[in-house]
Amino acid sequence: MKPVNVGLLGLGTVGGGTVNVLKRNGEEIARRAGRGIEIVHASARDLNKPRICDTAGMQLTNDANEVVDNPEVQVVVELIGGDSLALELVMRAIDNGKHVVTANKALIAKHGNEIFAKAQEKGVMVAFEAAVAGGIPIIKALREGLAANRIEWLAGIINGTGNFILTEMRDKGRDFEDVLKEAQELGYAEADPTFDVEGIDAAHKLTILASIAFGIPLQFDKAFTEGITQITREDVEYAEELGYRIKHLGVSRRTENGVELRVHPTLIPERRLIANVDGVMNAVLVKGDAVGPTLYYGAGAGDEPTASAVVADLVDVVRALTSDPENRVPHLAFQPDAIEDIGILPMAEIETAYYLRMQTEDRPGVLADITRIIGDQGISIEAFIQKEPEEEGANVTLIMLTHRVREQNMEQAIGEVEALDCVVGKITRIRMETLK
Ligand code: NAP
Ligand code: HSE
């Protein structure tokens with residue numbers, strides 16, 4: 001049988017990795033797919049740039065539209081990134097009746113609803129395994145492997161760059177900026193690395209996971225996002241003293257009042273497996289009612305781990321080329337007419353535990369004032385540490401862990417405590433999850 005012709009948009013980190021994996025493992029991949037998979041046409045901005053892959057045998061262009069319009073191309077792989085040009089190209093490919101594979105989480109999280117509607121109308125597939133958690137087949141696991149379950153919640157370390165930075169800062173005492181630069185050199189970071197460190201990239205991925213887990217539309221604009229730039233070495237050390245690790249976590253939970261959709265630094269008990277996921281590795285914990293908790297682990301970024309997911313999607317698309325569109329796995333796991341518009345819970349309504357760190361004057365009555373305010377908001381304290389002042393008369397550091405409380409009560413308590421004369425500066429607040 002003739003090989004399937006692929007058009008590749010982007011020859012950067014993931015594009016290059018995809019070419020290399022397809023070349024190296026082509027024979028075995030063909031045995032799995034039932035046909036060869038060949039990249040016949042590829043585009044990049046600058047055709048003179050050195051590449052990590054060998055592009056011999058491919059037609060090359062700096063006009064991506066040529067690839068999308070090439071009648072010989074059956075599947076378009078979008079590895080450019082961003083959500084303007086990529087959206088135009090993907091919609092044009094679908095209009096041209098081509099199947100699409102993409103690693104672009106921004107594109108799917110922000111425009112997935114319209115992309116999938118158009119794909120359904122045209123009877124083509126849009127596959128996006130590489131968009132979430134790099135090489136981990138989490139989309140497949142959620143969409144197919146866990147199809148029997150009512151998913152209760154999921155939580156994941158879903159940004160490799162952020163986890164790499166937090167790990168290097170903790171283990172080697174390195175500077176934030178220095179580690180970020182290395183992550184960029186290694187090809188982990190987004191074109192705009194603030195997406196990684198401010199949690200936007202993780203929120204894109206969480207939006208996709210939540211839709212597939214709960215059968216809801218993609219609602220990126222409702223995700224709560226807090227980054228890792230405010231995490232200090234001292235918070236990392238205090239957390240460890242208390243038996244916790246700080247991880248940048250995406251959490252989505254189904255509650256009676258709506259779905260939680262939040263990305264923020266989180267204290268996790270150090271005995272949890274996910275607390276020990278370090279470097280560029282990602283992990284996603286999914287709790288299904290029948291299966292219980294399941295954990296998926298692997299490289300979250302990088303050329304070949306991501307290419308692994310891109311090529312797996314290509315194999316899936318090739319296998320399903322002759323299937324009836326109505327019988328394919330739905331893009332968002334649930335049949336399009338069975339997607340339920342369950343609301344996203346506002347952050348003020350979510351319940352979680354907290355780590356608080358504050359500086360106070362070292363005099364009698366301070367603790368009583370603080371605990372009274374906290375108690376009045378119905379917050380109970382689980383653990384408390386007072387650090388010795390560095391010198392006589394200096395301020396002291398107080399660290400508290402609280403039990404679960406509604407975010408709006410915590411906000412109120414923090415505001416009132418910060419207003420006390422004996423409290424110096426702002427309170428550091430980090431959310432805490434036991435992930436039981
Ligand atoms: P990259 O290394 O920057 O590669 C982007 C490619 O797109 C380059 O070949 C670039 O051409 C081309 N390109 C950029 N702008 C273009 C334009 N206006 N017109 C035509 N071509 C253009 O990016 P990447 O890291 O491979 O990421 C690609 C996608 O995969 C993104 O959506 C990203 O979020 C996603 N992703 C990345 C990773 C990862 O570990 N890097 C993991 C999972 C998902 P030139 O090379 O000539 O500049
Ligand atoms: N910049 C992303 C990360 C790439 O670091 O996780 C993988 O999606």
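Rules and cut-offs
Residues numbered from 1 in each chain as written. Chains lettered and ligands numbered in written order. Predicted model: local features only at pLDDT ≥ 70, side-chain atom pairs only at ≥ 80, totals over all residues. Heavy atoms only, no water. Helix = DSSP H or I, 4+ residues; strand = E, 2+ residues; numbered from the N terminus. Buried < 20%, exposed > 50% of the residue type's maximum accessible area, 1.4 Å probe, protein only. Areas by Shrake-Rupley, 256 points an atom, 1.4 Å probe, with all protein chains shown as cover. Lys, Arg positive; Asp, Glu negative; His and termini not counted. Charge placed at Lys NZ, Arg CZ, Asp CG, Glu CD. Domains from an automatic or database assignment. Contact = heavy atoms within 4.5 Å. Axes fitted to C-alpha atoms, helices over the stretch in contact; angles between N-to-C directions. Left-handed = near helix turned anticlockwise from the far one by under 90°. Nonpolar A, V, L, I, M, F, W, Y, C, P; charged D, E, K, R; others polar. Near = heavy atom within 4 Å. Polar contact = N/O pair within 3.5 Å; in protein donor to acceptor, adjacent residues only side chain to side chain. Patch = residues over 30% accessible without salt bridge, like charges linked within 9 Å, V, L, I, M, F, W, Y side chains within 5 Å. Salt bridge = Lys/Arg side-chain N within 4 Å of Asp/Glu carboxyl O. Expected span 1.5 Å × (residues − 1). Pairing = 2+ DSSP bridges.

Chemist: Give me the lowdown on the overall build of the protein chain, citing residues and values where you can.
Modeler: Across its full length, the protein chain holds 14 helices and 17 strands. Reported as C-alpha extents along the three principal axes, the dimensions of the protein chain are approximately 85 × 45 × 35 Å. Put simply, the protein chain has 436 residues, and 56% of those count as buried. Approximately 18,800 Å² of the protein chain is accessible, and the part contributed by carbon and sulfur atoms is 46%. Looking at the protein chain, you have 45 positive and 68 negative side-chain charges, and the mean spots of the two groups are 5 Å apart.

Chemist: Just give me the short version of the domain arrangement of the protein chain, but keep the residues and values in it.
Modeler: Size of an interface, as often reported, equals the accessible area lost when the parts are brought together. For the protein chain, the domain assignment lists domain 1 (4-135 + 303-338), domain 2 (143-299) and domain 3 (348-432). Spacing between the C-alpha centres of domain 1 and domain 3 amounts to 50 Å.

Chemist: Explain helix H4 (residues 85-95) to me, using residue names and the numbers behind them.
Modeler: Taken together, the buried positions of H4 are occupied by Ala-86, Leu-87, Leu-89, Val-90, Met-91, Ala-93 and Ile-94. On the buried face of H4, the contacting elements are strand E1 (4-9), helix H3 (64-69), strand E4 (75-78), strand E5 (99-102), helix H5 (105-122) and strand E6 (126-127).

Chemist: Before we move on, could you go through the packing of helix H2 (residues 26-33) against helix H12 (residues 303-319) and cite the residues and values that matter?
Modeler: Across the interface, H2 lies against H12 with an axial gap of 9 Å and an inter-helix angle of 40°. Every pair of crossing elements has a handedness; the one defined by H2 and H12 is right-handed. In this structure, H2 uses Ile-29, Arg-32 and Ala-33 to contact H12, whose residues at the interface are Val-311, Val-315, Val-318 and Arg-319. Here the residues of the contact of H2 with H12 sort into five nonpolar, no polar and two charged.

Chemist: Residues and numbers for the site of ligand 1, please.
Modeler: Ligand 1 sits among 23 residues. The nearest are Lys-49, Arg-51, Lys-105, Glu-190 and Gly-302. Between an oxygen atom of ligand 1 and a main-chain N or O atom of Leu-11, the distance comes to 2.8 Å. Here Val-14 contributes a backbone N or O atom positioned 2.8 Å from an oxygen atom of ligand 1.

Chemist: Give a description of a nonpolar patch on the surface that names residues and reports values.
Modeler: A contiguous nonpolar patch, built from Leu-367, Ile-381 and Phe-384 and spanning about 210 Å² of accessible area, is present on the exposed surface. Mapped onto the secondary structure, Ile-381 falls in strand E14 (residues 381-386).

Chemist: How would you summarise the pattern of salt bridges if you had to cite specific residues and measurements?
Modeler: If you walk through the whole model with that rule in mind, you get 39 salt bridges. For the salt bridge of Glu-168 with Lys-172, the shortest nitrogen-to-oxygen distance reads 3.1 Å. With a gap of four residues between them, Glu-168 and Lys-172 both fall in helix H7 (residues 160-172), about one helical turn apart. You can call Glu-168 buried: its relative accessible area is 10%. Linking Glu-407 and Arg-431 is a salt bridge whose minimum nitrogen-to-oxygen distance equals 2.7 Å. In this pair, Glu-407 is assigned in helix H14 (residues 407-418) and Arg-431 in strand E17 (residues 423-432), connecting sequence segments 24 residues apart.

Chemist: Let's hear about H7: which residues, and what values?
Modeler: The terminal C-alpha atoms of H7 lie 17 Å apart, and with 13 residues this matches the ideal 18 Å at 1.5 Å per residue to within 8%. Across the 13 residues of H7, 11 count as buried, placing the element largely inside the fold. For H7, every residue scored as buried is listed here: Gly-160, Thr-161, Gly-162, Asn-163, Phe-164, Ile-165, Leu-166, Thr-167, Glu-168, Met-169 and Arg-170. Residues of H7 that are buried in the fold lie against strand E7 (151-157), helix H8 (176-185), helix H9 (194-197), helix H11 (233-241), strand E9 (244-255) and strand E11 (281-288). Its side-chain oxygen placed 3.3 Å from the backbone nitrogen of Thr-161, Asn-159 serves as the N-cap of H7.

Chemist: If you had to explain the site of ligand 2 to someone new, which residues and values would you point to?
Modeler: Close to ligand 2 lie Lys-105, Asn-159, Gly-160, Thr-161, Tyr-188, Ala-189, Glu-190, Asp-196, Asp-201, Lys-205, Gly-300 and Ala-301, which account for all nearby residues. Take Tyr-188: an N or O atom from its main chain is 2.6 Å from a nitrogen atom of ligand 2. Asp-196 is positioned such that a nitrogen or oxygen atom in its side chain is 2.7 Å from a nitrogen atom of ligand 2. Protein coverage of the free-state accessible area of ligand 2, which is 250 Å², stands at 94%. For the shell around ligand 2, the secondary structure elements donating two or more residues are H7 and helix H10 (200-214). Of the residues belonging to the shell around ligand 2, the class tally is three nonpolar, four polar and five charged.

Chemist: Please provide a residue-by-residue account of the pairing of E9, values included.
Modeler: Among the 12 residues in E9, 10 count as buried, and that is most of the element. When E7 meets E9, the two strands line up antiparallel, connected through four bridges. Looking at the pairing, Ala-155 lines up with Val-251 of E9. With 12 bridges joining them, E9 and strand E10 (residues 258-269) adopt antiparallel strand pairing. Within E10, the residue paired with Thr-255 across the bridge is Gly-258. Counted between consecutive antiparallel strands, the loop separating E9 from E10 contains two residues.

Chemist: For the sheet that holds strand E2 (residues 37-43), give the residues involved together with the corresponding values.
Modeler: A sheet is described by the order of its strands in space; here six strands give the open sequence E3-E2-E1-E4-E5-E6, paired in parallel fashion. Edge positions in the sheet fall to strand E3 (59-61) and E6, since each of these pairs with one other strand and no more. Sheet analysis places E5 next to E6, joined by two bridges and oriented parallel. The residue of E6 that forms the bridge with Val-101 is Ala-127. Contacting E1, E2, E4, E5 and E6, H12 runs over the sheet at an angle of about 160° to E5.

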